[in-house]
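So you can see what is in the structure, the chains are spelled out below.
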Amino acid sequence: MQSNCCDMLVFGGTGDLALHKLLPALYYLHRGGRLHSDTRILALARSTHTRAAYQALAERHCRAQVARADFDEQTWRSFAERLDYFPMDASQSADFGRLAKALGNDRDRVRVYYLATAPDLFEPIASHLKVAGLAGPGARIVLEKPIGHSLASAQAINAGIGAMFDESQVFRIDHYLGKETVQNLMALRFANALFEPVWRAGHIDHVQISVCETLGVENRGAYYDNAGAMRDMIQNHLLQLLCLVAMEAPVRFDAESVRNEKVKILEALKPITGQDVRDKTVRGQYTAGKIGGQEVPAYYFEKNVDNDSDTETFVAVQAEINNWRWAGVPFYLRTGKRLARKTSEILIQFKPVPHQLFGNGQANQLLIRLQPEERISLQLMAKNPGKGMHLQPVELDLNLADAFHKQRRWDAYERLLLDVIEGDSTLFMRRDEVEAAWQWVDPIIKGWQQHYQSPRPYAAGSNGPEQLQHLLERHGRQWIEEIE
């Protein structure tokens with residue numbers, strides 16, 4: 001089924017996001033017949049590429065990103081016919097007049113403006129689009145994270161964008177929400193009666209949400225050194241996952257109903273201030289070590305990073321939700337770079353049975369893994385074959401790749417780009433949602449500064465700072481890798 005007739009304009013069209021993620025995703029949508037036959041794709045950047053030169057650049061990156069079996073010359077040629085390049089300076093209003101003239105006056109076309117740029121360009125671009133007459137009812141603007149670096153800056157960006165575009169036209173993207181397993185979390189919770197009676201404080205001991213990376217900052221040193229793990233990951237990705245785990249069932253599966261429930265969770269997060277910042281957070285920065293047998297440098301020796309940097313590359317937080325369903329249940333969030341393994345996962349640890357007939361066991365867990373493989377497993381206790389009641393954990397395992405092996409797994413950006421074209425904002429963040437997340441994060445960052453809480457060192461290839469273990473051990477709990 002084809003989507004709406006559309007002009008897809010990618011600001012920052014020569015950047016990593018555009019070349020590594022957006023263009024391959026659009027290629028797949030084209031290949032699958034999901035784009036309207038008259039949809040145009042226009043990359044915009046300062047570089048003075050010709051159309052042919054940009055198409056060659058795009059082809060080189062798409063070949064590298066798209067599965068070999070999915071890339072063929074004929075499909076690429078037909079995709080390239082949609083693809084054009086427009087050299088411009090996004091900070092110059094005159095260039096937007098040229099852009100408006102190049103696009104034409106067809107008011108029936110949907111126009112998607114994807115801002116794959118630095119956040120400080122969001123408001124100027126939106127303003128120039130408005131002045132040039134390009135912000136009409138059919139326009140949609142997509143903002144990449146981060147939306148600001150604090151509550152005040154996020155409010156300023158949202159106010160500036162809101163002055164040019166209606167909230168229904170603004171799509172704040174978090175690619176984690178486009179992942180198949182993340183959406184399966186909603187299906188698991190709200191389409192199956194099995195879990196609802198036990199999805200609450202009376203039956204759940206704690207929740208762990210982990211997004212761990214083996215990579216360092218790569219080519220993002222300049223950005224990352226001014227952001228850190230809290231702003232880069234906790235404020236958006238991990239809090240979004242927390243919302244999906246904890247939210248109540250929406251009245252309907254539509255954008256406003258889903259986002260209303262997520263905002264309620266963010267507003268119910270217990271503030272972490274004062275002494276709690278020391279007790280309930282762990283902040284770390286990686287030192288030199290080994291990843292996969294290879295020596296890697298310390299963070300402060302990475303490209304475009306200050307040698308005396310105080311930026312955190314690891315954060316763990318004990319969060320609590322003050323509402324009827326979750327009061328008293330800790331949510332442990334952690335994320336970091338240069339860790340021992342690459343994984344994104346959610347662990348729901350259920351409480352033990354009231355009376356242990358057969359000795360202690362570490363089962364009663366639901367594991368939802370987003371990467372490297374997408375799977376959902378329920379760990380139960382079962383009897384070993386033979387005499388006696390000797391139990392061991394066993395898994396009821398759903399590997400989504402195996403379960404749907406005849407269907408290609410969509411990349412998150414494919415789904416989200418198609419949602420933007422179709423005007424479906426269910427999987428995107430609303431203005432108050434972004435600001436509520438900053439409202440919770442800001443006091444933690446200020447607490448680190450007030451208490452001079454510098455990042456704790458941890459060796460690349462480890463599981464994080466030593467202090468990480470104390471966050472759970474003091475309550476008799478363990479991180480998932482110690483349980484497995």
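Residues numbered from 1 in each chain as written. Predicted model: local features only at pLDDT ≥ 70, side-chain atom pairs only at ≥ 80, totals over all residues. Heavy atoms only, no water.

- Looking up the protein chain in an unreviewed UniProt entry gives the name Glucose-6-phosphate 1-dehydrogenase, with the organism given as Phytopseudomonas punonensis.
- UniProt lists a comment for the protein chain under the heading Function (unreviewed entry), and it reads "Catalyzes the oxidation of glucose 6-phosphate to 6-phosphogluconolactone."
- Under the heading Sequence similarities (unreviewed entry), UniProt records this for the protein chain: "Belongs to the glucose-6-phosphate dehydrogenase family." (UniProt positions renumbered as here; feature names shortened; annotations may be inferred.)

### Notes on the packing of helix α10 (residues 255-268) against helix α14 (residues 431-450)
In step 1: Between α10 and α14, the least distance of the axes is 9 Å, while the angle of their chain directions is 15 degrees. On the basis of their axis angle, the class for α10 and α14 is roughly parallel. Crossing geometry of α10 relative to α14 is assigned as left-handed. For the pair formed by α10 and α14, the contact residues are Arg-259, Lys-262, Val-263, Leu-266 and Glu-267 on the first element and Asp-432, Glu-433, Ala-436 and Ala-437 on the second.
In step 2: Across the contact of α10 with α14, the residue classes break down as four nonpolar, no polar and five charged. (Axes fitted to C-alpha atoms, helices over the stretch in contact; angles between N-to-C directions. Helix = DSSP H or I, 4+ residues; strand = E, 2+ residues; numbered from the N terminus. Parallel < 35°, antiparallel > 145°, perpendicular 65-115°, else oblique. Left-handed = near helix turned anticlockwise from the far one by under 90°. Contact = heavy atoms within 4.5 Å. Nonpolar A, V, L, I, M, F, W, Y, C, P; charged D, E, K, R; others polar.)

### Remarks on the packing of helix α2 (residues 51-65) against helix α3 (residues 73-80)
In step 1: Two elements in contact, α2 and α3, have axes whose closest approach is 11 Å; the angle formed by their N-to-C orientations is 135 degrees. Overall, the two elements α2 and α3 adopt an arrangement that is oblique. Where α2 crosses over α3, the handedness of that crossing is right-handed. For the pair formed by α2 and α3, the contact residues are Arg-51, Gln-55, Ala-58, Glu-59, Cys-62 and Arg-63 on the first element and Glu-73, Trp-76 and Ala-80 on the second.

### Comments concerning the UniProt feature "active site" (unreviewed entry) in the protein chain
In step 1: With numbering matched to this structure, UniProt assigns "active site" (unreviewed entry) to His-237.
In step 2: Along the chain, His-237 turns up in helix α9 (residues 228-246).
In step 3: Exposure remark for His-237: the relative accessible area of 2% places this residue in the buried category.
In step 4: The residues contacting His-237, other than those within four sequence positions of it, are Lys-145, Asp-174, His-175, Tyr-176 and Asp-232. (Buried < 20%, exposed > 50% of the residue type's maximum accessible area, 1.4 Å probe, protein only.)

### Some details on the environment of Gln-349
In step 1: Its place among the elements puts Gln-349 in strand β13 (residues 343-350).
In step 2: Relative accessible area serves as the criterion here: at 10%, Gln-349 is assigned to the buried category.
In step 3: Separated by 15 residues in the primary sequence, Gln-349 and Asn-364 have C-alpha atoms spaced 6.4 Å apart.
In step 4: A distance of 3.4 Å separates a polar side-chain atom of Gln-349 from the backbone oxygen of Asn-364.
In step 5: A distance of 2.8 Å separates polar atoms of two side chains, one belonging to Gln-349 and the other to Gln-365. (Polar contact = N/O pair within 3.5 Å; in protein donor to acceptor, adjacent residues only side chain to side chain.)

### Considerations on a nonpolar patch on the surface
In step 1: Where nonpolar side chains cluster on the molecular surface, the patch consists of Leu-380, Val-394 and Leu-396 and spans about 230 Å² of accessible area.
In step 2: Mapping Val-394 onto the fold places it in strand β16 (residues 391-399).
In step 3: The partly exposed category is assigned to Val-394, whose relative accessible area is 33%. (Patch = residues over 30% accessible without salt bridge, like charges linked within 9 Å, V, L, I, M, F, W, Y side chains within 5 Å. Areas by Shrake-Rupley, 256 points an atom, 1.4 Å probe, with all protein chains shown as cover. Salt bridge = Lys/Arg side-chain N within 4 Å of Asp/Glu carboxyl O.)

### Regarding the pairing of strand β1 (residues 6-11)
In step 1: Among the six residues that make up β1, six are buried, leaving the element largely enclosed by the rest of the structure.
In step 2: In this sheet, strand β4 (residues 110-115) lies alongside β1 in parallel orientation, the contact comprising six bridges. Paired with Leu-9 across the bridge in β4 is Tyr-113.
In step 3: In this structure, β1 lies alongside strand β2 (residues 40-45), joined through five bridges in parallel fashion. (Pairing = 2+ DSSP bridges.)

### Focus on the domain arrangement of the protein chain
In step 1: Structurally, the protein chain comprises domain 1 (6-174) and domain 2 (179-410 + 454-482).
In step 2: Summarising the inter-unit geometry, the C-alpha centres of domain 1 and domain 2 are found 32 Å apart.
In step 3: At the junction of the two partners, domain 1 supplies nine residues and domain 2 supplies 10 residues.
In step 4: When the shortest N-O distance is used, the salt bridge between Asp-232 and Lys-145 registers 2.7 Å.
In step 5: One can count three residue pairs in polar contact (both at pLDDT 80 or more) joining domain 1 with domain 2.
In step 6: Tallied by class, residues from the side of domain 1 that touches domain 2 come to three nonpolar, one polar and five charged. (Domains from an automatic or database assignment.)

### Some remarks on the sheet that holds strand β3 (residues 83-87)
In step 1: Judged by pairing direction, the sheet is parallel, and its six strands sit side by side in the order β3-β2-β1-β4-β5-β6 without closing on themselves. Looking along the sheet, the strands with just one partner apiece sit at the ends: β3 and β6 (170-173). Neighbouring strand axes in the sheet, compared pairwise and without regard to direction, differ in orientation by 20 degrees on average.

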